[in-house]
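As a plain string of letters, each chain reads:
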Amino acid sequence: MPAAVAAAVLLGAAAVPNAATATTVQTVEISGFAFNPAVLNVTAGDTIRFVNHDQEAHTVVAQSGAFTSSGLDTNDQWTVRITKPGKYPYFCSLHPYMKGTIVVRAARGMH
Amino acid sequence: MQRKDFLGHVAWTGAGIAYAMSAGGLMTGTALARGVTGSIDFVQISNSHIGFHQEANPDVSATLQSAVNAINALPDQPKFVIHTGDVTHLSKPEQFGTAKDILAQLRAPLIVLPGEHDFIGQDYNSFFQAFPTPKGGKQWFSWDQNGTHFVALINVFDFEKMGLLGNDQLTWLKRDLAAQPSSMPIVASRRCVLKRSNPPTNRWRIATASHALWNC
């Protein structure tokens, strides 16, 4: 298993189809006190990587409580893997006006 | 170190703010420097951000250490020193450890309130283990000192709401203050919350929270 996936947080009870484990990694850049892109569309099973480019620390916290990152220092990365389709609005717990959403579509073969 | 030198020092380094209660109310270091007489009642330090290592301050531990040294050098020790939040930068165990080691050197009694950087990951225990409240637990509290009623509030439990205290704490605060004689001076302290204005610009403003009073 690639290191990026081993370090990831796995969310959702649904089994991950084999096709998705050849994992796709999508990146959200954190810079200028904003998540870019603010809305990220992924497929269930994808890995989402957050990279903090700011001098200030940030976090990534789902409003639902589904995931909570550690504190991300400058150039720190944190990954999360979401297997359950749905909308995941999230924010930075240190700067709560920083908001983003991950939209997870069902992978082919899922329902 | 003389008091005026101390005040000049902290004004320059931003290491701390000295306060004195007088007939005229709560005096800050600036007022004291203007020659207001009386001893320093308490010193406030804040935002040590132990663990921060970027360009703005590559050695924050040394900054905190210098603040502690300056306070310890005061001939008349303050009644207490209060650290109002963001002791650490990322809530990491070693950051709490370093902060605790440096702050433990203070000669005066120490009160530490949490900031949002001390609660990363909704982990409240690391902070309260390092800096227990007077009665234990994850609680706000109040105490009387030399004829002044002090209130220590915690407004970072649910920081998504930008520093609101929550009903439990407001109910407690109302009851706590109602029990004070009307002549009793009151100092309330909590995390000073900065909120970026909307639409986002480089200007920051203080988030206002209804129903409570602040010295921030």
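Look up: the structure comes first, before these words.
My aim in this report is to walk through the structure given alongside it, one point at a time.

Conventions we followed
- Residues numbered from 1 in each chain as written.
- Chains lettered and ligands numbered in written order.
- Predicted model: local features only at pLDDT ≥ 70, side-chain atom pairs only at ≥ 80, totals over all residues.
- Heavy atoms only, no water.
- Helix = DSSP H or I, 4+ residues; strand = E, 2+ residues; numbered from the N terminus.
- Buried < 20%, exposed > 50% of the residue type's maximum accessible area, 1.4 Å probe, protein only.
- Contact = heavy atoms within 4.5 Å.
- Areas by Shrake-Rupley, 256 points an atom, 1.4 Å probe, with all protein chains shown as cover.
- Axes fitted to C-alpha atoms, helices over the stretch in contact; angles between N-to-C directions.
- Parallel < 35°, antiparallel > 145°, perpendicular 65-115°, else oblique.
- Left-handed = near helix turned anticlockwise from the far one by under 90°.
- Buried area = accessible area lost by both parts, 1.4 Å probe.
- Polar contact = N/O pair within 3.5 Å; in protein donor to acceptor, adjacent residues only side chain to side chain.
- Nonpolar A, V, L, I, M, F, W, Y, C, P; charged D, E, K, R; others polar.
- Pairing = 2+ DSSP bridges.

Scanning chain A for helices and strands turns up two helices and nine strands. For chain A, the sequential pattern of α-helices and β-strands runs α-β-α-β-β-β-β-β-β-β-β. Residues classed as buried in chain A amount to 48% of the 111 residues present. Considering only residue pairs separated by 6 or more positions, chain A has 58% of its internal contacts joining residues 24 or more positions apart. Total accessible area on chain A is roughly 5,000 Å²; 54% of this is exposed by carbon and sulfur atoms.

Turning our eyes to something else, we now look at the packing of helix α3 (residues 60-72) of chain B against helix α4 (residues 93-103) of chain B. All names here are of chain B. Where α3 meets α4, the closest approach of the two axes is 9 Å, and the angle between their N-to-C directions is 20°. Taken as axis vectors, α3 and α4 run roughly parallel relative to one another. Of the two possible hands of crossing, α3 and α4 adopt the one that is right-handed. Residues Ser61, Leu64, Gln65 and Val68 of α3 form the contact with α4, whose participating residues are Thr98, Ile102 and Leu103.

Contact with chain B, which involves 17 residues of that partner, is made by 21 residues of chain A. When chain B packs against chain A, the two sides together hide about 1,500 Å² of surface, and 57% of this comes from carbon and sulfur. For the interface between chain B and chain A, the tally reads four residue pairs in polar contact (both at pLDDT 80 or more). Class assignment of the residues belonging to the side of chain B that touches chain A gives a composition of six nonpolar, seven polar and four charged.

Backbone hydrogen bonds hold the strands of a sheet together, and the pairing may be parallel or antiparallel. Residue and element names in this part refer to chain B. What the three strands build is an open sheet, ordered β6-β7-β8; its pairing is mixed. With one partner strand each, in any of the chains shown, β6 (141-145) and β8 (186-189) form the two edges of the open sheet. With strand direction ignored, the average angle separating the axes of adjacent strands in the sheet is 20°. Pairing between β6 and strand β7 (residues 148-152): five bridges, direction antiparallel. Looking at β7, one finds that Ser142 is bridged to Val151. In the packing of helix α6 (residues 167-178) onto the sheet, the strands contacted are β6, β7 and β8, and the crossing angle to β7 comes to about 175°.

Right, let's get into the pairing of strand β5 (residues 47-52) of chain A. All names here are of chain A. Within β5, five of the six residues are buried, leaving the element largely enclosed by the surrounding structure. Two elements, strand β2 (residues 25-30) and β5, share six bridges in a ladder whose sense is parallel. If you follow Glu29 over to β5, its bridge partner there is Val51. Pairing between β5 and strand β7 (residues 77-82): five bridges, direction antiparallel.

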